[in-house]
Amino acid sequence: MFEQNLLNTFNKLETPFYYYDLNLLKNTLNQIIKAAPTKYKIHYALKANNNKTILSTIKETGFGADCVSGNEIKRAIEVGFKTQDIVFAGVGKSDKEINFALDNNIFCFNVESIHELQVINELASIKNKIACIALRINPNVDAFTHKYITTGLEENKFGINPYELDAFLEEIKKYKNIDLIGLHFHIGSQIEDLNPFKNLCLRVNEINKWFISKGYLLPHINLGGGLGINYQEPDKEAIVDFKAYFDVFQNYLELLPLQQIHFELGRCIVAQCGSLISRVLYIKNGTNTNFAILDAGMTELIRPALYQAYHKIENLTAISLERKQQSIYDIVGPICESSDCFGKAVIFPETFRGDIIAIRSAGAYGKVMSNRYNLRDEIKELTA
Ligand code: LLP
(Lines give C-alpha, C1' and ligand atoms only; values in the text may rest on other atoms or scores of the structure.)
Protein backbone atom coordinates (compact mmCIF):
# COMPACT_ATOMS: atom_id res chain seq x y z
CA MET A 1 0.00 0.00 0.00
CA PHE A 2 2.73 2.52 0.91
CA GLU A 3 5.47 2.88 -1.71
CA GLN A 4 9.08 3.32 -0.64
CA ASN A 5 9.05 6.92 -1.94
CA LEU A 6 6.23 7.77 0.36
CA LEU A 7 8.00 6.21 3.33
CA ASN A 8 11.08 8.29 2.46
CA THR A 9 8.89 11.38 2.55
CA PHE A 10 7.32 10.36 5.87
CA ASN A 11 10.80 9.80 7.28
CA LYS A 12 11.73 13.41 6.59
CA LEU A 13 8.64 14.90 8.22
CA GLU A 14 7.79 15.74 11.78
CA THR A 15 5.22 13.27 13.11
CA PRO A 16 2.40 12.73 13.86
CA PHE A 17 0.24 13.81 10.92
CA TYR A 18 -2.66 12.60 8.83
CA TYR A 19 -1.82 11.45 5.33
CA TYR A 20 -4.56 11.39 2.66
CA ASP A 21 -4.22 9.50 -0.62
CA LEU A 22 -6.11 11.66 -3.12
CA ASN A 23 -5.91 9.02 -5.84
CA LEU A 24 -7.80 6.58 -3.70
CA LEU A 25 -10.33 9.28 -2.87
CA LYS A 26 -10.83 10.00 -6.59
CA ASN A 27 -11.19 6.30 -7.40
CA THR A 28 -13.74 5.94 -4.63
CA LEU A 29 -15.73 8.89 -5.96
CA ASN A 30 -15.64 7.43 -9.47
CA GLN A 31 -16.97 4.13 -8.18
CA ILE A 32 -19.85 5.90 -6.49
CA ILE A 33 -20.71 7.78 -9.65
CA LYS A 34 -20.60 4.54 -11.61
CA ALA A 35 -22.75 2.63 -9.13
CA ALA A 36 -25.38 5.22 -8.21
CA PRO A 37 -28.33 5.71 -10.54
CA THR A 38 -28.14 9.24 -11.94
CA LYS A 39 -31.40 10.18 -10.25
CA TYR A 40 -29.76 9.79 -6.82
CA LYS A 41 -28.41 12.97 -5.23
CA ILE A 42 -25.46 12.45 -2.92
CA HIS A 43 -24.51 14.89 -0.20
CA TYR A 44 -21.12 14.35 1.40
CA ALA A 45 -21.31 14.42 5.22
CA LEU A 46 -18.66 17.01 6.12
CA LYS A 47 -18.55 15.79 9.69
CA ALA A 48 -16.43 12.83 8.56
CA ASN A 49 -13.59 14.99 7.24
CA ASN A 50 -13.55 18.70 6.46
CA ASN A 51 -10.05 19.06 5.00
CA LYS A 52 -10.27 21.67 2.24
CA THR A 53 -8.41 19.65 -0.41
CA ILE A 54 -10.63 16.65 0.28
CA LEU A 55 -13.75 18.81 0.13
CA SER A 56 -12.71 20.43 -3.17
CA THR A 57 -12.10 16.99 -4.68
CA ILE A 58 -15.52 15.81 -3.56
CA LYS A 59 -17.21 19.01 -4.74
CA GLU A 60 -15.72 18.48 -8.22
CA THR A 61 -17.80 15.31 -8.57
CA GLY A 62 -20.96 17.36 -8.20
CA PHE A 63 -21.99 16.05 -4.79
CA GLY A 64 -23.83 18.30 -2.38
CA ALA A 65 -22.87 18.87 1.26
CA ASP A 66 -24.49 17.57 4.44
CA CYS A 67 -23.62 19.94 7.29
CA VAL A 68 -24.31 19.80 11.01
CA SER A 69 -23.14 23.23 12.12
CA GLY A 70 -23.00 26.79 10.90
CA ASN A 71 -19.23 26.47 10.57
CA GLU A 72 -19.58 23.40 8.36
CA ILE A 73 -21.97 25.35 6.14
CA LYS A 74 -19.41 28.16 6.02
CA ARG A 75 -16.62 25.71 5.12
CA ALA A 76 -18.76 24.10 2.40
CA ILE A 77 -19.48 27.50 0.86
CA GLU A 78 -15.79 28.52 1.10
CA VAL A 79 -14.69 25.51 -0.92
CA GLY A 80 -17.35 26.15 -3.54
CA PHE A 81 -20.34 23.92 -2.81
CA LYS A 82 -23.45 25.65 -4.14
CA THR A 83 -25.71 26.82 -1.33
CA GLN A 84 -28.61 25.09 -3.09
CA ASP A 85 -26.73 21.80 -2.62
CA ILE A 86 -26.37 22.18 1.16
CA VAL A 87 -28.54 20.40 3.73
CA PHE A 88 -28.38 21.31 7.40
CA ALA A 89 -29.03 18.59 9.97
CA GLY A 90 -28.59 18.31 13.72
CA VAL A 91 -30.74 17.98 16.81
CA GLY A 92 -29.63 21.30 18.32
CA LYS A 93 -29.24 24.05 15.75
CA SER A 94 -28.60 27.43 17.40
CA ASP A 95 -30.41 30.63 16.32
CA LYS A 96 -27.11 31.97 15.00
CA GLU A 97 -26.65 28.88 12.83
CA ILE A 98 -30.24 28.91 11.57
CA ASN A 99 -29.92 32.60 10.66
CA PHE A 100 -26.66 31.92 8.83
CA ALA A 101 -28.28 29.09 6.86
CA LEU A 102 -31.30 31.27 6.04
CA ASP A 103 -29.07 34.13 4.89
CA ASN A 104 -27.32 31.74 2.54
CA ASN A 105 -30.53 30.22 1.14
CA ILE A 106 -29.48 26.62 1.71
CA PHE A 107 -31.47 23.82 0.13
CA CYS A 108 -33.05 22.28 3.21
CA PHE A 109 -33.13 22.06 7.02
CA ASN A 110 -33.58 18.56 8.42
CA VAL A 111 -35.87 19.25 11.36
CA GLU A 112 -35.93 17.05 14.44
CA SER A 113 -38.60 18.49 16.77
CA ILE A 114 -41.75 20.64 16.87
CA HIS A 115 -39.89 23.16 18.95
CA GLU A 116 -37.19 23.50 16.29
CA LEU A 117 -39.87 23.93 13.63
CA GLN A 118 -41.36 26.85 15.60
CA VAL A 119 -37.98 28.53 15.93
CA ILE A 120 -37.06 28.15 12.25
CA ASN A 121 -40.47 29.55 11.27
CA GLU A 122 -40.03 32.51 13.61
CA LEU A 123 -36.50 33.32 12.40
CA ALA A 124 -37.50 32.90 8.75
CA SER A 125 -40.49 35.20 9.21
CA ILE A 126 -38.26 37.95 10.63
CA LYS A 127 -36.21 37.73 7.45
CA ASN A 128 -39.30 37.42 5.30
CA LYS A 129 -38.02 34.13 3.92
CA ILE A 130 -39.42 30.66 3.40
CA ALA A 131 -37.32 27.87 4.94
CA CYS A 132 -37.44 24.57 3.09
CA ILE A 133 -37.52 21.70 5.54
CA ALA A 134 -37.47 17.91 5.66
CA LEU A 135 -38.74 16.05 8.71
CA ARG A 136 -36.18 13.70 10.21
CA ILE A 137 -38.22 10.67 11.08
CA ASN A 138 -37.12 7.95 13.39
CA PRO A 139 -37.86 4.73 11.48
CA ASN A 140 -37.14 2.49 14.50
CA VAL A 141 -34.83 0.30 12.44
CA ASP A 142 -31.94 -1.33 14.29
CA ALA A 143 -28.62 -0.74 12.54
CA PHE A 144 -26.81 -3.33 14.71
CA THR A 145 -23.77 -1.10 15.04
CA HIS A 146 -21.92 0.32 18.07
CA LYS A 147 -24.37 1.79 20.58
CA TYR A 148 -22.76 5.24 20.33
CA ILE A 149 -23.35 5.43 16.58
CA THR A 150 -26.81 3.91 16.23
CA THR A 151 -29.38 6.63 15.75
CA GLY A 152 -32.58 5.24 14.27
CA LEU A 153 -34.21 3.76 17.37
CA GLU A 154 -37.09 5.34 19.27
CA GLU A 155 -34.94 5.60 22.38
CA ASN A 156 -32.33 7.76 20.58
CA LYS A 157 -32.43 11.54 20.88
CA PHE A 158 -32.59 11.89 17.09
CA GLY A 159 -35.60 12.37 14.87
CA ILE A 160 -39.35 12.49 15.24
CA ASN A 161 -41.23 9.35 16.23
CA PRO A 162 -43.97 8.24 13.81
CA TYR A 163 -46.69 8.58 16.47
CA GLU A 164 -45.90 12.32 16.62
CA LEU A 165 -46.43 12.88 12.91
CA ASP A 166 -50.13 13.80 13.04
CA ALA A 167 -49.31 16.54 15.52
CA PHE A 168 -46.45 17.69 13.29
CA LEU A 169 -48.66 18.05 10.25
CA GLU A 170 -51.17 20.06 12.29
CA GLU A 171 -48.37 22.36 13.46
CA ILE A 172 -46.88 22.80 10.01
CA LYS A 173 -50.18 24.13 8.68
CA LYS A 174 -49.84 27.07 11.08
CA TYR A 175 -46.42 28.11 9.88
CA LYS A 176 -46.34 30.51 6.98
CA ASN A 177 -42.56 30.60 6.59
CA ILE A 178 -41.97 26.86 6.33
CA ASP A 179 -42.20 24.75 3.20
CA LEU A 180 -42.23 20.99 3.85
CA ILE A 181 -40.34 19.46 0.93
CA GLY A 182 -39.09 16.12 2.19
CA LEU A 183 -38.46 13.35 4.65
CA HIS A 184 -35.12 12.47 6.17
CA PHE A 185 -33.89 9.22 7.75
CA HIS A 186 -30.56 8.07 9.16
CA ILE A 187 -30.23 4.84 11.13
CA GLY A 188 -26.60 4.87 12.22
CA SER A 189 -23.03 4.60 11.07
CA GLN A 190 -20.49 1.86 10.17
CA ILE A 191 -23.29 -0.47 9.02
CA GLU A 192 -21.63 -3.41 7.28
CA ASP A 193 -24.59 -5.73 6.80
CA LEU A 194 -26.95 -4.35 4.14
CA ASN A 195 -30.09 -5.79 5.78
CA PRO A 196 -30.76 -2.75 7.99
CA PHE A 197 -30.85 -0.64 4.79
CA LYS A 198 -33.42 -3.02 3.32
CA ASN A 199 -35.49 -2.67 6.52
CA LEU A 200 -35.11 1.09 6.25
CA CYS A 201 -36.53 1.01 2.69
CA LEU A 202 -39.56 -0.98 3.84
CA ARG A 203 -40.27 1.52 6.64
CA VAL A 204 -39.75 4.47 4.32
CA ASN A 205 -42.27 2.99 1.88
CA GLU A 206 -44.88 2.80 4.65
CA ILE A 207 -44.15 6.27 5.96
CA ASN A 208 -44.16 7.76 2.47
CA LYS A 209 -47.54 6.14 1.75
CA TRP A 210 -48.89 7.56 4.98
CA PHE A 211 -47.81 11.07 3.94
CA ILE A 212 -49.36 10.63 0.50
CA SER A 213 -52.63 9.51 2.14
CA LYS A 214 -52.57 12.78 4.08
CA GLY A 215 -52.16 14.75 0.87
CA TYR A 216 -48.40 15.28 1.01
CA LEU A 217 -46.45 14.02 -1.99
CA LEU A 218 -43.01 15.12 -0.87
CA PRO A 219 -40.42 15.62 -3.62
CA HIS A 220 -37.29 14.76 -1.59
CA ILE A 221 -36.61 11.56 0.34
CA ASN A 222 -33.25 11.50 2.13
CA LEU A 223 -31.99 8.10 3.32
CA GLY A 224 -28.99 9.42 5.28
CA GLY A 225 -25.61 7.71 5.36
CA GLY A 226 -24.08 4.94 7.39
CA LEU A 227 -22.49 2.54 4.92
CA GLY A 228 -19.61 0.81 6.72
CA ILE A 229 -16.07 0.09 5.57
CA ASN A 230 -13.59 -2.76 6.10
CA TYR A 231 -11.38 -1.72 9.01
CA GLN A 232 -9.84 -5.20 9.25
CA GLU A 233 -8.48 -5.39 5.69
CA PRO A 234 -8.19 -1.88 4.27
CA ASP A 235 -6.13 -2.97 1.27
CA LYS A 236 -8.37 -5.88 0.32
CA GLU A 237 -11.43 -3.68 0.24
CA ALA A 238 -10.16 -0.15 -0.24
CA ILE A 239 -13.42 0.77 -1.96
CA VAL A 240 -16.79 -0.40 -0.68
CA ASP A 241 -19.12 -2.34 -2.96
CA PHE A 242 -21.27 0.67 -3.77
CA LYS A 243 -23.28 -1.22 -6.36
CA ALA A 244 -24.53 -3.70 -3.74
CA TYR A 245 -25.47 -0.77 -1.51
CA PHE A 246 -27.39 1.20 -4.12
CA ASP A 247 -29.04 -2.00 -5.39
CA VAL A 248 -30.79 -2.34 -2.04
CA PHE A 249 -32.51 0.98 -2.59
CA GLN A 250 -33.20 0.22 -6.26
CA ASN A 251 -34.82 -3.07 -5.28
CA TYR A 252 -36.76 -2.14 -2.18
CA LEU A 253 -37.68 1.54 -2.27
CA GLU A 254 -41.09 2.18 -3.79
CA LEU A 255 -41.23 5.89 -4.38
CA LEU A 256 -43.11 7.77 -7.06
CA PRO A 257 -41.10 8.88 -10.11
CA LEU A 258 -41.39 12.50 -9.04
CA GLN A 259 -39.66 11.85 -5.74
CA GLN A 260 -35.92 12.43 -5.69
CA ILE A 261 -33.72 10.16 -3.56
CA HIS A 262 -30.90 11.68 -1.50
CA PHE A 263 -28.04 10.15 0.49
CA GLU A 264 -25.61 11.57 3.03
CA LEU A 265 -22.47 9.47 2.83
CA GLY A 266 -19.45 10.27 4.96
CA ARG A 267 -17.22 7.45 6.17
CA CYS A 268 -17.37 5.23 3.07
CA ILE A 269 -16.06 8.11 0.93
CA VAL A 270 -13.09 9.23 3.00
CA ALA A 271 -12.12 6.61 5.61
CA GLN A 272 -9.79 4.42 3.57
CA CYS A 273 -7.84 7.26 1.96
CA GLY A 274 -6.50 8.45 5.32
CA SER A 275 -3.86 7.12 7.71
CA LEU A 276 -2.48 8.56 10.90
CA ILE A 277 1.31 8.52 10.53
CA SER A 278 3.34 8.37 13.70
CA ARG A 279 6.81 7.46 15.04
CA VAL A 280 7.77 5.06 17.78
CA LEU A 281 9.20 7.02 20.68
CA TYR A 282 10.07 4.24 23.10
CA ILE A 283 9.90 0.51 23.57
CA LYS A 284 9.15 -0.63 27.07
CA ASN A 285 9.11 -4.24 28.20
CA GLY A 286 6.13 -5.13 30.40
CA THR A 287 5.46 -8.41 32.22
CA ASN A 288 3.28 -10.03 29.56
CA THR A 289 3.72 -7.70 26.66
CA ASN A 290 5.96 -5.01 25.25
CA PHE A 291 4.77 -1.48 24.88
CA ALA A 292 5.45 0.44 21.71
CA ILE A 293 4.90 4.05 22.71
CA LEU A 294 3.97 6.28 19.77
CA ASP A 295 4.08 10.03 19.34
CA ALA A 296 0.37 9.95 18.34
CA GLY A 297 -2.34 9.23 20.85
CA MET A 298 -6.05 9.47 21.56
CA THR A 299 -5.80 13.22 21.10
CA GLU A 300 -5.09 12.64 17.39
CA LEU A 301 -7.38 9.61 16.86
CA ILE A 302 -9.99 9.07 19.55
CA ARG A 303 -11.99 6.24 17.95
CA PRO A 304 -10.22 3.33 19.71
CA ALA A 305 -10.58 5.00 23.12
CA LEU A 306 -14.16 6.15 22.58
CA TYR A 307 -15.74 3.23 20.72
CA GLN A 308 -13.19 0.46 21.24
CA ALA A 309 -12.81 0.79 17.46
CA TYR A 310 -10.31 -1.38 15.62
CA HIS A 311 -7.83 0.24 13.22
CA LYS A 312 -5.20 -1.81 11.46
CA ILE A 313 -1.71 -0.77 12.56
CA GLU A 314 1.33 -1.22 10.33
CA ASN A 315 5.02 -0.73 11.00
CA LEU A 316 6.03 0.75 7.63
CA THR A 317 9.74 0.76 8.47
CA ALA A 318 9.70 -2.93 9.39
CA ILE A 319 7.75 -3.81 6.24
CA SER A 320 10.20 -1.92 4.03
CA LEU A 321 13.22 -3.53 5.74
CA GLU A 322 11.52 -6.95 5.58
CA ARG A 323 12.08 -7.60 9.28
CA LYS A 324 11.00 -11.18 9.95
CA GLN A 325 11.15 -11.35 13.74
CA GLN A 326 7.78 -10.83 15.43
CA SER A 327 6.74 -10.01 18.96
CA ILE A 328 3.64 -9.02 20.92
CA TYR A 329 3.07 -5.34 21.61
CA ASP A 330 0.53 -3.05 23.15
CA ILE A 331 0.64 -0.07 20.85
CA VAL A 332 -0.08 2.99 22.92
CA GLY A 333 0.01 6.78 22.80
CA PRO A 334 1.71 9.28 25.10
CA ILE A 335 -1.41 10.60 26.86
CA CYS A 336 -1.93 10.05 30.60
CA GLU A 337 -5.01 7.85 30.19
CA SER A 338 -5.11 4.05 30.15
CA SER A 339 -7.62 4.18 27.28
CA ASP A 340 -4.91 5.78 25.14
CA CYS A 341 -4.22 2.52 23.38
CA PHE A 342 -4.47 1.79 19.64
CA GLY A 343 -4.01 -1.96 19.88
CA LYS A 344 -3.67 -4.55 22.68
CA ALA A 345 -1.47 -7.63 22.30
CA VAL A 346 -0.84 -7.00 18.62
CA ILE A 347 1.46 -9.46 16.84
CA PHE A 348 3.83 -7.07 15.21
CA PRO A 349 7.27 -7.10 13.59
CA GLU A 350 10.09 -6.33 15.96
CA THR A 351 9.83 -2.61 16.53
CA PHE A 352 12.39 0.06 17.36
CA ARG A 353 12.54 3.73 18.27
CA GLY A 354 12.09 5.86 15.15
CA ASP A 355 10.02 3.31 13.18
CA ILE A 356 7.22 4.86 11.14
CA ILE A 357 3.78 3.52 12.05
CA ALA A 358 0.59 3.90 9.98
CA ILE A 359 -2.78 3.64 11.68
CA ARG A 360 -5.05 2.83 8.78
CA SER A 361 -8.62 3.73 7.75
CA ALA A 362 -8.42 6.99 9.65
CA GLY A 363 -9.67 9.39 6.97
CA ALA A 364 -13.15 9.53 8.52
CA TYR A 365 -13.79 10.80 12.06
CA GLY A 366 -10.04 11.08 12.64
CA LYS A 367 -8.68 14.59 12.35
CA VAL A 368 -12.17 16.08 12.84
CA MET A 369 -12.46 14.49 16.29
CA SER A 370 -8.92 15.32 17.37
CA ASN A 371 -8.45 17.62 20.34
CA ARG A 372 -5.73 19.43 22.20
CA TYR A 373 -5.95 17.70 25.59
CA ASN A 374 -2.58 18.07 27.34
CA LEU A 375 -2.02 21.14 25.11
CA ARG A 376 -0.90 18.86 22.31
CA ASP A 377 0.02 20.45 18.98
CA GLU A 378 -2.78 20.64 16.46
CA ILE A 379 -2.42 17.61 14.21
CA LYS A 380 -1.19 18.42 10.70
CA GLU A 381 -2.46 16.96 7.43
CA LEU A 382 -0.65 15.96 4.24
CA THR A 383 -2.47 15.27 0.98
CA ALA A 384 -0.70 13.65 -1.93
N1 LLP B 1 -26.32 11.78 8.16
C2 LLP B 1 -26.54 11.93 9.48
C3 LLP B 1 -27.80 12.51 9.94
C4 LLP B 1 -25.56 11.51 10.40
O5 LLP B 1 -25.79 11.63 11.70
C6 LLP B 1 -24.35 10.93 9.93
C7 LLP B 1 -23.31 10.50 10.86
C8 LLP B 1 -24.17 10.81 8.55
C9 LLP B 1 -25.17 11.24 7.68
C10 LLP B 1 -22.92 10.22 7.94
O11 LLP B 1 -22.78 8.91 8.33
P12 LLP B 1 -21.60 7.98 7.72
O13 LLP B 1 -21.93 7.76 6.26
O14 LLP B 1 -20.33 8.69 7.90
O15 LLP B 1 -21.70 6.75 8.52
N16 LLP B 1 -17.80 9.49 15.12
C17 LLP B 1 -18.36 8.20 14.79
C18 LLP B 1 -19.38 8.28 13.69
C19 LLP B 1 -20.52 9.24 14.00
C20 LLP B 1 -21.50 9.33 12.90
C21 LLP B 1 -22.47 10.43 13.15
N22 LLP B 1 -23.43 10.63 12.13
C23 LLP B 1 -17.22 7.25 14.42
O24 LLP B 1 -16.05 7.64 14.52
O25 LLP B 1 -17.46 6.09 14.10
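The structure presented is a predicted model; accordingly, all values stated were derived computationally and were not measured.

Asker: Go over the nonpolar core, please, and point to the residues and values.
Answerer: In a soluble, globular protein the nonpolar side chains are often hidden away together inside. Of all hydrophobic cores here, the largest spans 100 residues; its most connected members are Phe109, Leu135 and Ile269. Per element, the largest residue contribution to this core is six residues, and it comes from helix α8 (residues 195-213). In this structure, this core is formed jointly by two domains, domain 1 (4-16 + 272-383) and domain 2 (22-271), each of which donates at least three residues. Residues contacting Leu135, with those up to four places away along its chain left out, are Val111, Ile160, Leu165, Phe168, Ile172, Leu180, Gly182, Leu183, His184 and Phe211. Core analysis: the second largest hydrophobic core is formed by 10 residues, Leu7, Phe17, Ile277 and Ile356 among them.

Asker: Describe in detail unusual backbone geometry, supporting the description with residues and values.
Answerer: In this structure, the amide linkage connecting Thr15 to the following residue, Pro16, adopts the cis form with an omega of 0°. Mapped onto the elements, Pro16 comes out in the loop between α1 (4-12) and β1 (17-20). Its identity is not glycine, yet Ala345 carries a phi of approximately 50°, on the positive side. By the element assignment, Ala345 lies in strand β14 (residues 341-349). Positive phi, close to 55°, is recorded for Leu375, a residue that is not glycine. Mapping Leu375 onto the fold places it in the loop between β15 (356-359) and β16 (380-383). Among the residues examined, Leu375 registers a relative accessible area of 69% and is labelled exposed.

Asker: Describe a negative patch on the surface, listing the residues and the values that go with them.
Answerer: Side chains of Glu192, Asp193, Glu237 and Asp241 sit close together on the surface and give a patch of like negative charge. One can find Glu192 in the loop between β7 (178-184) and α8.

Asker: So what's going on with the domain arrangement of the protein chain? Which residues, and what values?
Answerer: Each domain of the protein chain was delimited in the assignment, giving domain 1 (4-16 + 272-383) and domain 2 (22-271). Computed over C-alpha atoms only, the centres of domain 1 and domain 2 are separated by 33 Å. Each side of the interface is counted separately: domain 1 has 20 residues, and domain 2 has 26 residues. Contact between domain 1 and domain 2 buries roughly 2,100 Å² in total, counting both sides, with carbon and sulfur atoms accounting for 54%. Among the residues of domain 1 in contact with domain 2, Gln272, Cys273 and Tyr365 are the three that bury the most area, contributing 33% of the side total.

Asker: Could you give an account of the sheet that holds strand β3 (residues 64-67), with specific residues and numbers?
Answerer: The eight strands lie next to each other as β2-β3-β4-β5-β6-β7-β8-β9, forming a closed barrel whose pairing is parallel. Across the sheet, the axes of successive neighbouring strands diverge by a mean angle of 30°, strand direction being ignored. Bridge count for β7 against strand β8 (residues 220-222) is three bridges, and the pairing is parallel. Residue pairing across strands places Gly182 opposite His220, the latter belonging to β8.

Cut-off values and rules
Residues numbered from 1 in each chain as written. Predicted model: local features only at pLDDT ≥ 70, side-chain atom pairs only at ≥ 80, totals over all residues. Heavy atoms only, no water. Core = buried A, V, L, I, M, F, W, Y, C linked by side-chain atoms within 4.5 Å. Buried < 20%, exposed > 50% of the residue type's maximum accessible area, 1.4 Å probe, protein only. Helix = DSSP H or I, 4+ residues; strand = E, 2+ residues; numbered from the N terminus. Domains from an automatic or database assignment. Contact = heavy atoms within 4.5 Å. Patch = residues over 30% accessible without salt bridge, like charges linked within 9 Å, V, L, I, M, F, W, Y side chains within 5 Å. Areas by Shrake-Rupley, 256 points an atom, 1.4 Å probe, with all protein chains shown as cover. Salt bridge = Lys/Arg side-chain N within 4 Å of Asp/Glu carboxyl O. Lys, Arg positive; Asp, Glu negative; His and termini not counted. Charge placed at Lys NZ, Arg CZ, Asp CG, Glu CD. Buried area = accessible area lost by both parts, 1.4 Å probe. Pairing = 2+ DSSP bridges. Axes fitted to C-alpha atoms, helices over the stretch in contact; angles between N-to-C directions.

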